[in-house]
Amino acid sequence: MDEIINRLRKVRKGAMFIIEAPSGTGKGTVIKEILKADDNIKFSVSVTTRPPRDGEVEGVDYYFVTDEQYNEFLEQDAFYEYVDSQYGSRYGTLRSEVDSFINVGQDVLFDMDWAGARQMRKKAGDDVVTIYLLPPSVKELRKRLEGRGTDSKEVIEKRMGIILDKISHWDEFDYVIVNANLQETVTKIQKIISGERMRRVRQVGLKGFVKELVKEAKEDA
């Protein structure tokens, strides 16, 4: 029995899990906990045209490319999704990077906004699973942003100012979780991942397995 389960697991197609949330909801912490607990899910490393910051590592934090290289990727339709930031830098998710994982049964986790999720859904269809995290309240969200101690008052106010726009896209996502308790949220997402891995569209090895069962049943009849 274990041999059969392992064989089916090896021929499973991976999924793309996108997590989105307003700043201060705890998305980064949730993602870290998911990755730490599951060896079969990888974090998506994006391409960017901005220069590396202190401590950032090529291929771990980002793939750092020139504008010319980025333009070549665009011409080749090499991105699942891409965006020009308001600060002048450009970012994109390479198809080759993601496909190298999902085609061998590994899942990929994305920290991505609703606009990127739309692009991913359009190009990757059923391979994409979207999860939206909501804060327990706007008051709690402000408290978390102020408690982080990493943003200036101006930045905090800017983040608070776009909350309404962020939250207005909640109903575009497959799953919605109120992140009131970190461990409960992580557990819920782990259950979502587990369930999505069992969907028929990802169990690409089942067709051959069922064919063998049918053959065996006919011989036994």
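Scroll up a little and you will see the structure.
Calculation criteria
- Residues numbered from 1 in each chain as written.
- Predicted model: local features only at pLDDT ≥ 70, side-chain atom pairs only at ≥ 80, totals over all residues.
- Heavy atoms only, no water.
- Helix = DSSP H or I, 4+ residues; strand = E, 2+ residues; numbered from the N terminus.
- Buried < 20%, exposed > 50% of the residue type's maximum accessible area, 1.4 Å probe, protein only.
- Core = buried A, V, L, I, M, F, W, Y, C linked by side-chain atoms within 4.5 Å.
- Contact = heavy atoms within 4.5 Å.
- Polar contact = N/O pair within 3.5 Å; in protein donor to acceptor, adjacent residues only side chain to side chain.
- Pairing = 2+ DSSP bridges.
- Axes fitted to C-alpha atoms, helices over the stretch in contact; angles between N-to-C directions.
- Parallel < 35°, antiparallel > 145°, perpendicular 65-115°, else oblique.
- Left-handed = near helix turned anticlockwise from the far one by under 90°.
- Nonpolar A, V, L, I, M, F, W, Y, C, P; charged D, E, K, R; others polar.

Our focus in this paragraph is the side chain of R197. Within the fold, R197 resides in helix α9 (residues 182-197). Of the residues examined, R197 reaches a relative accessible area of 17% and is grouped as buried.

Bringing the nonpolar core into the picture now. Counting 17 residues, the largest nonpolar core has F17, I19, I34, L109, I131, L133 and I189 as its most contacted members. Counting residues per element, the ones that place at least two in this core are β1 (16-20), α2 (27-37), β8 (128-134) and α9. Looking at this core, the element that brings in the most residues is α9, giving four residues. Non-local contacts of F17, meaning those with residues more than four positions away in its chain, are made with I41, D107, V108, L109, F110, V129, I193 and E196.

So, about the side chain of T25. In this fold, T25 is placed in the loop between β1 and α2. According to the relative accessible area criterion, T25 is buried, its value standing at 0%. A polar contact of 2.7 Å, which involves the side chain of T25, links it to the backbone oxygen of P22. Residues contacting T25, with those up to four places away along its chain left out, are L133, L134, P135, L141, R144 and N179.

On to the sheet that holds β1, then. Sheet architecture is open: five strands sit in the order β2-β7-β1-β8-β9, paired in parallel fashion. Of all strands in the sheet, those bounded by a partner on one side alone are β2 (41-43) and β9 (175-178). If you compare each strand with its neighbour and ignore which way they point, the axes differ by 25° on average. Taken together, the three bridges between β2 and strand β7 (residues 107-111) define a ladder with parallel strand orientation. Looking at the pairing, K42 lines up with V108 of β7. Here α9 sits on the sheet and contacts β1, β2, β7, β8 and β9; the angle it forms with β9, its principal contact strand, is near 165°.

Here the focus is the packing of α2 against α9. At a minimum axis distance of 10 Å, the contact between α2 and α9 shows a crossing angle of 55°. What the angle tells us is that α2 and α9 run oblique. The crossing of α2 and α9 is right-handed. For the pair α2 and α9, the contacting residues are T29, V30, E33, I34 and A37 in the first and L182, T185, V186, I189, Q190 and I193 in the second. Each residue belonging to the contact of α2 with α9 can be placed in one class, and the counts come to seven nonpolar, three polar and one charged.

Across the sheet, four strands lie side by side as β4-β3-β6-β5; this open sheet has mixed pairing. In this open sheet, the two edge strands, each paired with only one partner strand, are β4 (62-64) and β5 (79-84). Here the strands of the sheet are splayed against their neighbours by 25° on average, with no regard to which way each runs. Bridge analysis of strand β3 (residues 46-48) against strand β6 (residues 90-94) gives two bridges, and the strand direction is antiparallel. Across the sheet, V47 pairs through a bridge with G92, a residue of β6.

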